Amino acid sequence: MIVQRKAALVVLAWILAAGFVPAAAHDTEHHGYEAMPASTEAPFLRENDAAMSKMMSAMAVKPTGNVDRDFIEMMIPHHQGAIDMAQTYLRYGSNEQLRRIAQEIIVEQQQEIAAMRLAVGDPVPPPAAAPTQARPFAGVPLNPPANDNPPPPAMSMTGAGK
């Protein structure tokens with residue numbers, strides 16, 4: 001089920017980036033929705049297109065003769081592209097179900113990138129919070145720690161600290 005939702009969101013991103021909108025989407029009179037001005041969607045489309053262009057460029061790797069290495073060198077940018085598109089959706093999208101799916105994509109794709117790196121002996125990037133929410137104020141952290149409650153220690157995937 002999650003794979004199907006991911007695939008649907010990726011297809012939606014490709015359709016939007018290509019500028020293709022099914023005829024039914026233009027017919028808003030029957031659904032009671034007012035058509036959204038194109039300028040409202042322009043920043044989303046621009047950012048999504050940039051994410052997809054970056055992904056496609058990064059996936060074009062020169063073969064090394066090592067199938068394992070070549071696979072992850074193509075798949076990691078693919079997964080990062082999904083993360084970037086999901087983050088873009090979170091900045092502009094309003095459908096709560098799609099927002100939850102986009103958040104799941106970010107977490108799952110980060111986990112898969114880490115698993116691929118581990119599988120070939122590459123170091124895993126240090127843990128970092130995923131920006132899964134649009135930040136209303138650039139200078140304000142999403143979850144500031146309380147002054148009397150220090151943040152919990154960072155988790156390690158290596159088991160160190162047990």
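1. Looking at the nonpolar core
- One finds Ile76, Ala86, Ala102, Ile105, Ile106, Ile113 and Met116 to be the most contacted residues of the largest nonpolar core, which totals 14 residues.
- Mapped by element, the contributors of at least two residues to this core are helix 4 (67-92) and helix 5 (96-119).
- Per element, the largest residue contribution to this core is seven residues, and it comes from helix 4.
- Setting aside its immediate chain neighbours within four residues, methionine 116 contacts Phe71, Ile72, Met75, Ile76 and His79.

2. Here's the deal with helix 4
- The end-to-end C-alpha distance of helix 4, which contains 26 residues, comes to 38 Å, matching closely the 38 Å that a straight helix rising 1.5 Å per residue would cover.
- The N-cap residue of helix 4 is asparagine 66: its side-chain oxygen and the backbone nitrogen of aspartate 68 are 3.0 Å apart.

3. Considerations on the environment of proline 126
- Within the secondary structure, proline 126 sits in the segment after helix 5.
- Judged by relative accessible area, which is 68%, proline 126 ranks as exposed.
- Remark: the alpha-carbon pair of proline 126 and alanine 114, spanning twelve residues in sequence, is separated by 9.9 Å.

Cut-offs used in this document
Residues numbered from 1 in each chain as written. Predicted model: local features only at pLDDT ≥ 70, side-chain atom pairs only at ≥ 80, totals over all residues. Heavy atoms only, no water. Core = buried A, V, L, I, M, F, W, Y, C linked by side-chain atoms within 4.5 Å. Buried < 20%, exposed > 50% of the residue type's maximum accessible area, 1.4 Å probe, protein only. Helix = DSSP H or I, 4+ residues; strand = E, 2+ residues; numbered from the N terminus. Contact = heavy atoms within 4.5 Å. Expected span 1.5 Å × (residues − 1). Polar contact = N/O pair within 3.5 Å; in protein donor to acceptor, adjacent residues only side chain to side chain.

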